[in-house]
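# Examination of the molecular architecture
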Amino acid sequence: MASRWTEVEVYATYIKLTGEVEVTGSDRLSDVVNGSGRYLSLRDTRAEPLSVNYPVLSRVEPRTTIAKSAVILLCPLEEAERERIPGTHRAKLSHQAVFNSVAFSLVGDIHLDPGQTLEQQLEAHPGDFLPLTNVSALWVTALSEETSAVQRVFTLLNPAAILSFSERHT
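Here we summarise the structure given alongside this text. As the structure is a prediction and not an experimental result, all values here were calculated from the model.

### Some remarks on the packing of aromatic side chains
In this structure the tally under the stated criterion is 3 aromatic pairs. Ring centres 5.7 Å apart and planes at 85° place the aromatic pair Y11 and F104 in the edge-to-face group. A residue pair is termed long-range when its members are at least 10 positions apart, and Y11 in strand 1 (residues 3-11) and F104 in strand 7 (residues 104-112) qualify at 93 residues. In this pair, the class of Y11 matches that of F104, namely buried. Aromatic side chains Y14 and W139 sit 6.4 Å apart centroid to centroid with 90° between the ring planes, which places their arrangement in the edge-to-face category. One end of the pair, Y14, is in the loop between strand 1 and strand 2 (15-24); the other, W139, is in strand 8 (residues 130-140), with 125 residues separating them in the sequence.

Given below as structure tokens:
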């Protein structure tokens, strides 16, 4: 079974990790993230602070294990990374949603089955990271006036990190 390494950014409340996650066979990144246990393994990982007020050691670690419960966003760096396997695509409806978490305010497109709401999706798959496209996220903290913006074609949002959400129907 062939595998490939996908470079990702992992955002927590005050730290960003950049590393590579192994995606095997015909799996998608979301299959790997949602299919593993409470932890996820990365290689060649570097930790960086999201704020100058939050120091971290930035040395590259050959192997790192992350606690998925602490992850807010997981973003592949390859813009071509798509969550589609040929022949398995189902027709879904896309619309915009707004999310707030402890550290991020973000807007992105969700893709749901016809007649399904975002709340129904989250209830049906409570631990699964939510795939979003066309994401704009703003890092907001009470520590300073400092902000940081993240824009990605695709990201996975940890449902446990969601404080609130609003669906926008056009």
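### Some thoughts on the environment of E78
Assignment of secondary structure puts E78 in the loop between strand 5 (73-76) and strand 6 (93-101). We classify E78 as partly exposed; its relative accessible area is 33%. For the pair formed by E78 and R152, sequence separation is 74 residues and the distance between their alpha carbons is 9.8 Å. Once residues lying within four places of it in the same chain are set aside, the contact partners of E78 are T6 and E7.

### Some details on the nonpolar core
Counting residues in hydrophobic clusters, the biggest one holds 23 residues, and the most contacted among them are L73, F99, F104, L106 and L157. When contributions to this core are tallied by element, the ones reaching two or more residues are strand 5, strand 6, strand 7, helix 2 (118-124), strand 8 and strand 9 (147-157). The dominant element in this core, judged by the number of residues it contributes, is strand 8, at 5 residues. Excluding anything up to four places from it in sequence, F104 contacts Y11, A12, L50, I72, L73, F99, A137, L138, W139, V140 and V150. Counting 17 residues, the second-largest nonpolar core is a separate cluster that includes L17, V23, L40 and F129.

Rules of the game
- Residues numbered from 1 in each chain as written.
- Predicted model: local features only at pLDDT ≥ 70, side-chain atom pairs only at ≥ 80, totals over all residues.
- Heavy atoms only, no water.
- Phe/Tyr/Trp six-rings, centres within 6.5 Å; stacked < 30°, edge-to-face > 60°.
- Helix = DSSP H or I, 4+ residues; strand = E, 2+ residues; numbered from the N terminus.
- Buried < 20%, exposed > 50% of the residue type's maximum accessible area, 1.4 Å probe, protein only.
- Contact = heavy atoms within 4.5 Å.
- Core = buried A, V, L, I, M, F, W, Y, C linked by side-chain atoms within 4.5 Å.

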